[in-house]
Amino acid sequence: MKKQAEWYTRQIAMFAQQKQLQKAVDTYKELLDAGLPPTSYTFSSLINAHVMAGDVSGGERVMREMRAAGCLPNVVVYTTLLKGHCAVGDLNAAAALLLQMTTSTLPVAADLRACNTFLRGAPTRHTPH
């Protein structure tokens, strides 16, 4: 049973890298239809699939499902969503997510990658010469 869930999760991750959101979502549904519980890796891969396809709101929805299933997001999941918010230019949502990440009941420390992801999304100010 665990091997099957791992196979589905690997498929979702592969579809995420290929920016094939619908195939990732369909594979996730197949996992659920097979009666297999998604793991934190499954959710992480599905969130990545949404973000890679530019569907940040879908990634946020999957994160809510992840929490509802009793899986806590880690720094990788948060960084994936940060990347998504920054990619679409929603720095307010990115800042709010970073704050949520570091101040939640079970806080997750922002690592160098998370910080760099956020900073890359911040607009640079050019001073006229």
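Residues numbered from 1 in each chain as written. Predicted model: local features only at pLDDT ≥ 70, side-chain atom pairs only at ≥ 80, totals over all residues. Heavy atoms only, no water.

Enquirer: Got a minute to help me understand the packing of aromatic side chains in this structure?
Expert: Two descriptors summarise a pair of aromatic rings, namely the distance from one centre to the other and the angle between the planes of the rings. Using the criterion set out here, one finds two aromatic pairs in the structure. Arranged with centres 5.1 Å apart and planes meeting at 80°, the rings of W7 and Y8 form a pair that is edge-to-face. Classification of W7 by relative accessible area gives partly exposed; the value is 41%. Judged by centre distance (6.2 Å) and plane angle (55°), the ring pair of Y28 and F43 falls under tilted. Residue Y28 is located in helix α2 (residues 21-33), and its partner F43 is located in helix α3 (residues 40-52); the two are separated by 15 residues in the primary sequence. Considered together, Y28 and F43 belong to a single accessibility category, that of buried residues. (Phe/Tyr/Trp six-rings, centres within 6.5 Å; stacked < 30°, edge-to-face > 60°. Buried < 20%, exposed > 50% of the residue type's maximum accessible area, 1.4 Å probe, protein only. Helix = DSSP H or I, 4+ residues; strand = E, 2+ residues; numbered from the N terminus.)

Enquirer: In this structure, what is going on with the confidence of the model for the protein chain? I would like to understand it.
Expert: Caution applies to low-pLDDT parts of the model: their predicted coordinates are not meant to be read in detail. Within the protein chain, residue pLDDT values average 93, and 95% of them lie at 70 or more. Per-element mean pLDDT across the protein chain ranges from 91 in helix α7 (residues 112-121) up to 98 in α2. (pLDDT = per-residue confidence, 0-100.)

Enquirer: How should I be thinking about the side chain of T117 in this particular structure?
Expert: Looking at the element boundaries, T117 is found in helix α7. Filtering out sequence-adjacent residues up to four positions away, T117 remains in contact with T79, L82, K83 and C86. (Contact = heavy atoms within 4.5 Å.)

Enquirer: Teacher, can you tell me more about unusual backbone geometry here?
Expert: Among all residues except glycine, the phi angle is most often negative; among peptide bonds, the trans geometry is most common. In this model, K19 sits at a positive phi of 55°, which is unusual for a non-glycine residue. As for its position among the elements, K19 is in the loop between α1 (2-17) and α2.

Enquirer: Explain the pattern of salt bridges to me, please; I cannot follow it from the model alone.
Expert: One side chain can pair with another of opposite charge once the charged atoms of both are near each other. Enumeration according to the criterion identifies one salt bridge in this entry. Here R61 makes a salt bridge to E65, at a shortest N to O gap of 2.8 Å. Residue R61 and its partner E65 are located together in helix α4 (residues 56-68), separated by four residues, close to a single helical turn. (Salt bridge = Lys/Arg side-chain N within 4 Å of Asp/Glu carboxyl O.)

Enquirer: Even after reading the chapter, I still don't get the packing of helix α5 (residues 75-87) against α7, so can you show me in this structure?
Expert: For any two helices packed against each other, the geometry is given by the interaxial angle and the distance between the axes. Interhelical geometry of α5 versus α7 gives an angle of 5° and a closest axis separation of 9 Å. The pairing of α5 with α7 is recorded here as roughly parallel in orientation. Taken together, the residues of α7 that come into contact with α5 (itself represented by V75, T79, L82, K83 and C86) are R113, A114, T117, F118 and G121. Split into classes, the residues belonging to the contact of α5 with α7 amount to five nonpolar, three polar and two charged. (Axes fitted to C-alpha atoms, helices over the stretch in contact; angles between N-to-C directions. Parallel < 35°, antiparallel > 145°, perpendicular 65-115°, else oblique. Nonpolar A, V, L, I, M, F, W, Y, C, P; charged D, E, K, R; others polar.)

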